Every structure is written in C-alpha cells, then in structure tokens.
Amino acid sequence: LKAEAADAPARTSAALVAHPPALQIAMVRQNDSKKAARVAALRAESAGGGPAPAPLAALELREDETPEEAERKIARTLKAKRPDLGEDASGAPYLAASLLAYASEKRPGSAAAWRQVLAEVLADADAVLDEDDQEDAVRWVIDDLCRKRVLVRPEPKIEVGALVFALLAEDDEWHEAVVQAALGEASFRVLFLEYGKPQETAAANIRPMEAVVDDGAEDAQEGKCEMCGQHRLLTFHHLIPKDTHPTYLKKRLPVGIEGEPTRGFLNTYGTMVCRHCHSVIHRLAPNDVLAKEYNTLQKLLDEPSIQRWVQWASQQHRGIY
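Residues numbered from 1 in each chain as written. Predicted model: local features only at pLDDT ≥ 70, side-chain atom pairs only at ≥ 80, totals over all residues. Heavy atoms only, no water.

Student: Could you give me a rundown of unusual backbone geometry, with the residues and numbers involved?
Tutor: Non-glycine residue D126 carries a positive phi angle of around 55°. Mapped onto the secondary structure, D126 falls in the loop between α6 (111-124) and α7 (134-147). One non-glycine residue, D172, adopts positive backbone phi at about 55°. Tracing the backbone shows D172 in the loop between β3 (163-168) and β4 (173-184). (Helix = DSSP H or I, 4+ residues; strand = E, 2+ residues; numbered from the N terminus.)

Student: Give me the lowdown on the pairing of β3, citing residues and values where you can.
Tutor: Burial analysis of β3 places six of its six residues in the buried class, which makes it a mostly covered element. The pairing of β3 with strand β7 (residues 206-208) spans three bridges and is classified as antiparallel. By the bridge assignment for β7, F165 is matched with R207. (Buried < 20%, exposed > 50% of the residue type's maximum accessible area, 1.4 Å probe, protein only. Pairing = 2+ DSSP bridges.)

Student: I'd like a description of the confidence of the model for the protein, backed by residues and values.
Tutor: This prediction gives the protein a mean pLDDT of 78; 75% of its residues lie at or above 70. Scored below 50 in pLDDT, residues 46-56 shows 35 contacts in the model against residues more than four places distant or in partner chains. Every residue in residues 212-218 scores below 50 in pLDDT, and together they form 35 contacts with partners more than four places removed in sequence or on other chains. (pLDDT = per-residue confidence, 0-100. Contact = heavy atoms within 4.5 Å.)

Student: Explain the packing of aromatic side chains residue by residue, including any values.
Tutor: Taken as a whole, this structure holds two aromatic pairs when the rule is applied. Taking 5.2 Å as the distance between ring centres and 15° as the angle between the ring planes, the aromatic pair formed by F265 and Y269 counts as stacked. Taken individually, F265 and Y269 each receive the classification buried, so the pair is uniform in this respect. Each ring, one from W309 and one from W312, has its centre 5.3 Å from the other, and the planes form 45°; the classification is tilted. Linking W309 with W312, this pair stays in helix α13 (residues 304-313), spanning three residues, or about one helical turn. W312 carries the same exposure label as W309, and that label is buried. (Phe/Tyr/Trp six-rings, centres within 6.5 Å; stacked < 30°, edge-to-face > 60°.)

Student: Any details on the environment of R153? Residues and values, ideally.
Tutor: Examined against the element boundaries, R153 turns out to sit in the loop between β2 (151-152) and β3. For the pair R153 and L61, spaced 92 residues apart in sequence, the C-alpha to C-alpha distance is 8.5 Å.

Student: For the packing of helix α10 (residues 275-284) against α13, give the residues involved together with the corresponding values.
Tutor: As a packed pair, α10 and α13 sit with axes 11 Å apart at the nearest point and diverge in direction by 160°. Classified by the angle their axes make, α10 and α13 are roughly antiparallel. When you trace α10 past α13, the crossing you get is right-handed. Contact residues: H276, C277, V280 and L284 in α10; S305, I306 and W309 in α13. When the residues that make up the contact of α10 with α13 are grouped by side-chain class, the tally is five nonpolar, two polar and no charged. (Axes fitted to C-alpha atoms, helices over the stretch in contact; angles between N-to-C directions. Parallel < 35°, antiparallel > 145°, perpendicular 65-115°, else oblique. Left-handed = near helix turned anticlockwise from the far one by under 90°. Nonpolar A, V, L, I, M, F, W, Y, C, P; charged D, E, K, R; others polar.)

If you want it as structure tokens, here you go:
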C-alpha cells in the first residue's frame, strides 16, 4: 500500500480530498517510542484525562453541570493551589463565583482565554495564588479544572479535507489521516497517510490535529509561518517546550543553545508557526526529546519527515489545511 500510495501524482487543491498527494501519504512512521507516546496521550484524552488542552483549543463549561456545582469545584481547586484562601472577599468561594460571572460576560473560548479571565479575577480581587509565579499558578488552576472536567472541549468539528488522527480498525491505534468525505450519521471516510488505506470511521474515533499543539500559544497573530512559509494564524512554539523548563531553569541549557537558563529566556525562546505545523512538530517526538534534539528551527527543518510536510504544506491553498 505504501509503495502504491507513493506513486500517486500530486493533485490540485480541488482533488486533494479524493487523492492526497504522495508527499502526504509517504510520511514516514515515527519510531515505536514516539508513536506510543502520541497514542497514549490520545487514548487518555478520549477517556477524559490526559494532558491539558492547547491554549487555542476550544474550551467551555460543562452544559450538564449547574453553576452551583461548578462554583464548588472551582473553589476546591483554588484552595488546593492556595490552602489558606479564606471565605472573605478574596476567598475561594468569592473567586470561584467571580470567575463564573466574568466568564458569562467575556465568554472565553479557549484555555488561554480562561487563563486571562482568571488572571483578571485575581487582579481585581487583589488575590495571589503564588507569590513566586502567579502565571504558573493560574495555568495550573485552569489545567486542573480541565482534568476534573469542569471545563471541557466541545465536540470537534470535522471537515472534509482536514488532516486528523483516526483509529485504524486493524490495530485500534491512532494514525494520521485525511478526511475524504462525510457519510452522514456522524461517520466519515478517511484515508490513512501511512498506508494509503481508506476506511469508514465514526466521528468519535477522529481527532483534529489542532488538539496536539504546544502549551504556549496564548498570543496568536496573523503572519508568515516560519516553517511552511504560508500566511496563517500563527502560534508560538517554545523550542524548549514549557513543561521541560524546570529541567533547565537556573541550570544548564541543552547543548548548543546560547542564552541564560532564566525564565525570561525560556519563555521567549521559540518560533512562530501555524497551528498545523505546530501539530506536526509535536507529533515528531515527546517534549523532552524536542528540548534535547529539536531545539532550533534549523534542526526541525533538517528532519526528513518535517521536510516532506513543509514541501507539501508550502504548495497548498489556504482552504486546504
């Protein structure tokens, strides 16, 4: 199948859905350890656990939970972060109620937006969750609310032509695929890029690529992607991913990286890429490997699988990916 798919000619954007380019289909399979890490994360996410959502991923309050229930859970999470929060005007119940009130007005739609709203609530109440790192404390609270399913991702929209992860029936594993057609009744035909194999797949067994991006894209902006060169909505990729910062903070940076092991340097050392390129980067390897082996833009661009992706993506019209 791989050999057959590799011979497929490149198509125009209109024909992409029916016949994805050979460049897509021939994307090499990652090594077993990298694939296992991706699959484990996707399985955990499917079960309602797993890593915190990407900042630009959609996020909302559960519809089947009353405001009173949500308020109690938020208050418990705040007190878990700051046990000495009292019951007064800057206490956990007040802050929880304020977060819901602010959210009702501002209608945050992503993890980054929820963090911003919580930060405003704390600032207006002159409340501090962590004297040393208030930003990290805010991040922890929102992530914990996601783990407890106070905040949840809405059902993802799956569009024809989109690049996704899907469960392959033969091995019940997650693989990269492109959506070829909507079949009705929450079912789609996808084509698996590793094998050139089509399959009818339920929407519940499909995940958009946007679900796998770095936790650090709070400030999105339009511009030229530094990987594929396309003009897109950009996100900031930390070349030393944020969850590895404690390994290097006030210690020694990865070999070959010039700079100081400070929070300021680590938080600003990165590159602006579009969301799809960002997803491709994080499918390449776990964050600790990205920090050690793919910690410059050039190292990423030298990786053969990235080169194949960039070659394909740089030639597509905006509506394709």
